[in-house]
Structure formats: C-alpha cells, structure tokens
Amino acid sequence: MLKIQLKQIYHVRSEMHPLCVVDYYSRSRFHGGVVEDEPTVSRLLIRSISTEHNIKLVCKANCGSERSEKTSAINVYSFPHDPVLPKIKSLITNQEQMLSCTIYNVYPLERFQIEWLLGDKESVVSPDTYPEELYDHEQNYTSVLNYTHSADNLGKNITCKATLKLPNGFEKTRNSTLEYGPGTITISSYKASVKLGENFEITCHADGNPKPKISWWKHEEADPEPQSQNDKLIINNASRSQAGWYQCNASNDLGSLQKSIEVIVLGPPNTPKIQLSHSGELEEGENITIFCSSDGTLAELTISRQSQNAETGGHSQSAALLNLPSIQITDAGTYICEAKNDIGIERSTIEIRVKARQSMPDLMPDLPVAIIPAVGSVSLLTAVGLLIRHCRKKARSESCNLTELN
C-alpha cells in the first residue's frame, strides 16, 4: 500500500527477471505515468499527482509462460495548511459567540475529522458530520462553534484540531489555537489594606492569546509612571503617599483591558480640622455650624462639647457637622473634633464665645408726660419772675405778702 501527497512524484518499483515484461494499468485506465525499465527493475513515474490518481494500480509481469501481478492502491490526499481561525477582539464571559475554523484545499473531505478542544484535552463539541455532497477534488470546509465563555474556562485556550485518517492507517493532524484579546481581568483582592510601614502585593490576571502583557499604574499623577511591568504589584514599607487607586493594564496585539483597585494604607489618623461657619464675634440668636474633617487615613469622626456629648447625626468617615440654631450664651465652651481608627486617635478643639444681645435705648420720650410738665414749668417760672419784680417795686412803699399767690 502506497501513499502520496499531491504535486509529488509517485514511484512504483517492481523487481523482476531480466527476461520478464512488466506492464502497469489501472481500472480507470488512467495513470499518466512513464515506465522506466532496467535489467531487473521496472519503475512507473507519475508526475504532478492529482485527485485523479486516487486509483488502484495493477503491475503485471510476463516471464515466458509464467505470469504474475500485484495490485497497489494510490491514496491521494491534500492537507497543505493548518486550520484557520479568525482572530477576535475578546471572549466575553457568559456571552455566546460564534467561532469558526476553516480547512483549505483538503481531500478527501470524508476522511477528515474536526474537533474543538478546550485546554489541552477536553472536547468542546463532537466531530463534524460532513454534507452528503462530496467532490472528487480539493475542497474548503468550515466548522462553526457557538461558544459561551465562563469563569471556569479562563486561561484555557480554544483549539481547532483537524485530523486526516486514510484507509491504510495513515493519519495526519494539524492544530490551530484561537487568538483573542483580553476579555476578562481579575485582581486578587477587591480592596487592599495595609498598615503603615508593612509590605503587601496584589496579583492581576487576564485571559487572552497570545498571553497579555501586564503592567500596573497609579492614578491621579500628572506624569504617571508604571509601578510594575508584570502581574504583581509589590509595595514595601507602605507610606501614606502610596495610598490611592492603582490600575492593572492587560494588552496583546488584539486588544487591551483595564481594571482598578483602591489601596488603603492604615495608620493613625491625621489631625482633624475643625472650623465654624461664621467668622468674628458670635451673638445670641445666630445660627452656626461646626464643621470637622480629616484627610489621608480613614477615620471615624465625631464632634462633642468638652465634658458632655453633642449630637452629630452619627459617625462619619469623611466629615462631621454640628448645627447650633439660635445659639445662646449657655452654648459657649470648648468643642472637640475627634478622628479615631483602629490604629490611634487624634483631636482638635475650638473655643466658642457668645455675647449677649444688647437692647436699643429709648431715644423718643413720651410726649404727654414730657411736654406738658415742661410747658407748666415755663409758665410757673414766668409767674415767679413777675412776682419778684412786683414785690421789689412795692417794697419801696410797703411790704409784700407772697402767700397771696397760693
């Protein structure tokens, strides 16, 4: 049994006695070959093999009265290229996508088997069943897979495997792996917390083929610099300045994908800021608000009055407010803003002084009371003046009795 690929030279060699005559023929009466005889060997050379040479060839030898023949089958096949899978931008988790695998210029099609593999061995779908209409020449064939990517399949390559199996036991296999850009990216922790001065690391993974390149960048920097050029972000001796949002970038020739994570550096809280909504002196009756805030490390904020608790509307990790409507002198005192977390406590204070509201003086007198006595006083003074003048004149002649005016 012989096997041959298309476009190659086919050789049939027959050993014989020098006086024997050798002939070659096929049942289809076609072989298109050239016979070359030597003293003890006869060869049939067939150039430019095509699918028409997929025949049984009979070699007959006549040596006088003795005759012998032998049949050999020429199994022609064509399998010149690896399967072709179109490149795709990404495989999206839980979304069905249509994948295709094409084998070109193959023959005979009924001897080919196409399988889809997930990972190294797991078969995704059974081998294709070929159409009834087959041809006696090379064909192209496309296998289609409706595939839904899942979290369990992350990192597993998808392979199209084409296998040729001939009747004589000859087998040939070609594989091609799907190329796609990053579609899923995972980070080892949703939120990373590290204590001040300690070390930590975060790992980023992304699917894709070729395997994506991973890099880490820090947000909110005027001129960002890569923090890492591999899948691990490592920070040693964590400081407050290293807190913030970091971005994992995954990319290959077919696409890119990003995912961010917040890194929290735990330490004693920063000294909180406390301030009033008003400036200057406070008077009774004014409405004021005490505002407390803390930046940097997360902390629980509360506002209280020294030696007694004040209502703040609950604890906060960003700001605390205390409203004092219509403030009174009794509200004066020292107020404390406290920032607290598991590492420590910091406090700030503010002194509030309240002065009494001054009443307006009575600038306009009561007219009936003030004017009438004034008029009476003027009349009385005039009368007394006239009486004194009268008495002085009469004194020259006689005494004057003042009681007469009573």
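Residues numbered from 1 in each chain as written. Predicted model: local features only at pLDDT ≥ 70, side-chain atom pairs only at ≥ 80, totals over all residues. Heavy atoms only, no water.

Draft legend 1. Examining the side chain of Ser-176 more closely. For Ser-176, the location among the structural elements is in strand E13 (residues 171–177). When its relative accessible area of 13% is taken as the criterion, Ser-176 is described as buried. A polar contact of 2.4 Å, which involves the side chain of Ser-176, links it to the backbone oxygen of Pro-83. Setting aside anything within four residues of it in sequence, one finds Ser-176 in contact with Asp-82, Pro-83, Leu-85, Ile-158, Thr-159 and Cys-160. (Helix = DSSP H or I, 4+ residues; strand = E, 2+ residues; numbered from the N terminus. Buried < 20%, exposed > 50% of the residue type's maximum accessible area, 1.4 Å probe, protein only. Polar contact = N/O pair within 3.5 Å; in protein donor to acceptor, adjacent residues only side chain to side chain. Contact = heavy atoms within 4.5 Å.)

Draft legend 2. Examining the packing of aromatic side chains more closely. Throughout the structure, instances matching the rule amount to two aromatic pairs. The interplanar angle of 90° and the centroid separation of 4.9 Å between the aromatic rings of Phe-79 and Phe-112 together place this pair among those described as edge-to-face. Here Phe-79, found in the loop between strand E7 (66–77) and strand E8 (96–106), pairs with Phe-112, found in strand E9 (residues 112–118); they are 33 residues apart in sequence, far enough to count as distant. Against the face of Phe-79 rests Arg-174, its NZ or CZ located 5.4 Å from the ring centre. (Phe/Tyr/Trp six-rings, centres within 6.5 Å; stacked < 30°, edge-to-face > 60°. Lys NZ or Arg CZ within 6 Å of the ring centre and 35° of its normal.)

Draft legend 3. Broad picture of the environment of Val-35. Along the chain, the position of Val-35 falls in strand E4 (residues 34–37). Along the backbone, Val-35 and Ile-46 are 11 residues apart, and their C-alpha atoms lie at a distance of 9.0 Å.

Draft legend 4. Here's a closer look at the nonpolar core. If you look at the biggest cluster of nonpolar residues, it comprises 25 residues, and the most contacted ones within it are Leu-91, Leu-99, Trp-116, Ile-158 and Leu-178. Among the secondary structure elements, those contributing two or more residues to this core are E8, E9, strand E11 (139–148) and strand E12 (158–165). Dropping the residues within four chain positions of it, Leu-99 is found in contact with Ile-88, Leu-91, Trp-116, Ser-143, Val-144, Leu-145, Tyr-147, Ile-158 and Leu-178. (Core = buried A, V, L, I, M, F, W, Y, C linked by side-chain atoms within 4.5 Å.)

Draft legend 5. Structural view of the state of the cysteines. Applying the stated rule across the entire model yields three disulfides. The disulfide that involves Cys-101 links it to Cys-160, with 1.9 Å between the sulfurs. Because the torsion about its S-S bond is -80°, the bridge between Cys-101 and Cys-160 counts as left-handed. Note that Cys-101 is positioned in strand E8 and Cys-160 in strand E12, a separation of 59 residues in sequence. Here Cys-292 pairs with Cys-337 through a disulfide, and the sulfurs are 1.4 Å apart. Highlighted residues: Cys-292 in strand E24 (residues 288–293) and Cys-337 in strand E27 (residues 333–340), separated in sequence by 45 residues. Here Cys-292 falls in the buried class, since its relative accessible area comes to 0%. (Disulfide = S-S within 2.5 Å.)

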